[in-house]
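Structural features, examined
The lines below spell out each chain.
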Amino acid sequence: MNNFKNYRGFSITWVIGIVVVTSIISAITAGVIVYNNNRLTYDLTYGDLAEDQDLNEFLNVYSNILSNYYEDVDKGVLLDKAIAGMMDYLGDDYTTYLDDESTSELFNSLSGEYQGIGVSINNTDKSIVKVYDDTPASRVGIQVGDIIVGFNDTDVTNMSATEVVNLIKNSTDTFILRLQRGDGIISVSLKNETLIAPNVDYYMIENTTTGYLKIDTFSNTLATQVEKALNELEGMGLTSLIVDLRDNTGGYLTAATDVASIFLNKGDKIFSLEYQNDVTDYKDETRESKNYPIVVLINGNSASASEILTAALKESYGATTVGETSFGKGKVQQTMQLDDGSMIKYTSSYWLTPNGTCIDELGIAPDYYVTNTEQTDASGNTIIVDDQLNKAIEILNE
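First, a word on scope: everything that follows refers to the structure included in this document. Given the structure is predicted, the values throughout are model-derived calculations rather than measurements. (Residues numbered from 1 in each chain as written. Predicted model: local features only at pLDDT ≥ 70, side-chain atom pairs only at ≥ 80, totals over all residues. Heavy atoms only, no water.)

Some thoughts on unusual backbone geometry
Glycine aside, residues mostly have negative phi angles, and peptide bonds mostly take the trans form. For D134, which is not a glycine, the phi torsion comes out positive at approximately 55°. On the secondary structure map, D134 appears in the loop between β4 (128-131) and α6 (136-139). Judged by relative accessible area, D134 falls into the exposed class, the value being 63%. You will see that S304, though not glycine, has its phi angle at about 60°, which is positive. Take S304: it is sitting in the loop between β15 (294-298) and α10 (305-317). Using a relative accessible area of 12% as the deciding quantity, one classes S304 as buried. (Helix = DSSP H or I, 4+ residues; strand = E, 2+ residues; numbered from the N terminus. Buried < 20%, exposed > 50% of the residue type's maximum accessible area, 1.4 Å probe, protein only.)

This is how it looks when you write it as structure tokens:
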């Protein structure tokens, strides 16, 4: 590569400043950023970068493009493209660049909180399919089956469910919802609140003392929700538990750690991280634990944090696994957020099960391999028989 000499006023120090300002780091999923004097990471300082000839050559090209290109150049977009190129070069499916919109969606989905009134809405007819407890909707008496027909003075009967949800979600003041209930119309006054996004579903299996707990996403608020669910189930006489992680593609590593700690004994290993042949163990540090039998349901879409929890319950707690071999994501990612709202997500280590196994691209094989079956009802409709759940119930009630 050629070295460019014509900077037109752009010095290396100035360009390094641009790069540093652009690269504001925040770690969210697996690790904590450590600031140590002028260190960028554990291995590099600003001084190291200033002496890096390859980086200086990149900065020379960057400054010359800004100075000499015949059209105006958006510096932010130019750097975004350079960052995306670095991510592509690494060739790792889990290492990628996310624009500001994708970053916001990811953070929102894993935050465990949302602004809303506490209902689920049918996408077809805008009817209420679920009202969550202790929410604005439950307090004003909204019921399952109510159909949203108006928002303030706007008739929404011809709007899509998504458009209606956006009207509600984007409202910062008190608003009026008009609902069709049976043959009549009622009006209720509401205001959005910050609510915990429900990530669990739970109930007692009929005619048994077995509880059922389905986890959808490993969000920031998951451990709190699991503790609440278990307290209620135990109050109903729970003596055994089914943890359903089917189709759960993961989330925060810390959430998996916190949930595993609810069940394991203090000192039990949850997982290990392997970074450049250096292995660090992570163990339960809490006094809380459980001692009833557990069956974990998994399938090919159980991935990442789901597999971490499955392995911890299987190998450190003694749980039984039922279903199909899990996805096999044995890598952990960290994130680096940029000041324009975008983010890079990159693989930082392998995670190992408590027994020291790397399941990357292999998955976790269940103790009982069971697939669900299809049947045709009297009307000719195809229904799925949950043989996996039935096997779990059978195991716990033998």
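Things to note about the pattern of salt bridges
Applying the stated criterion to the full structure yields 11 salt bridges. Among the salt bridges present, the one from K228 reaches E232, with a minimum N-O distance of 2.8 Å. In this pair, K228 and E232 both sit in helix α8 (residues 222-235), 4 residues apart, roughly one turn of the helix. A salt bridge links K314 to D367; its shortest N-O distance comes to 2.5 Å. In this pair, K314 is assigned in helix α10 and D367 in the loop between β18 (343-352) and β19 (368-369), connecting sequence segments 53 residues apart. Since its relative accessible area comes to 23%, K314 is described here as partly exposed. Note on D367: relative accessible area 40%, which makes it partly exposed. (Salt bridge = Lys/Arg side-chain N within 4 Å of Asp/Glu carboxyl O.)

Topic: helix α9 (residues 253-263)
Burial analysis of α9 places 9 of its 11 residues in the buried class, the great majority of the element. On the buried face of α9, the contacting elements are α8, β12 (240-244), β13 (269-275), β15, α10 and β17 (331-337). (Contact = heavy atoms within 4.5 Å.)

A few points about the sheet that holds strand β8 (residues 184-190)
Taken together, the 4 strands give an open sheet; going across it, the order is β6-β5-β7-β8, and neighbouring strands pair in antiparallel fashion. Pairing within the sheet leaves two strands with one partner each, and these edge strands are β6 (154-155) and β8. (Pairing = 2+ DSSP bridges.)

A short note on the layout of surface pockets
Over the atoms, a rolled probe matching the size of one water molecule traces out where space is still vacant. If you add up the space inside the second largest pocket, you get close to 580 Å³. Of all the secondary structure elements, the ones that give two or more residues to the lining of the second largest pocket are β4, β9 (193-196), β10 (200-204) and α8. Per-element accounting of the lining of the second largest pocket gives the leading share, 4 residues, to α8. (1 Å grid on protein atoms, 1.4 Å probe; cavity = no way out; pocket = protein on both sides within 12 Å on 5 of 7 lines; lining within 4 Å. Points joined across faces, edges and corners; volume = space filled by probe spheres on them.)

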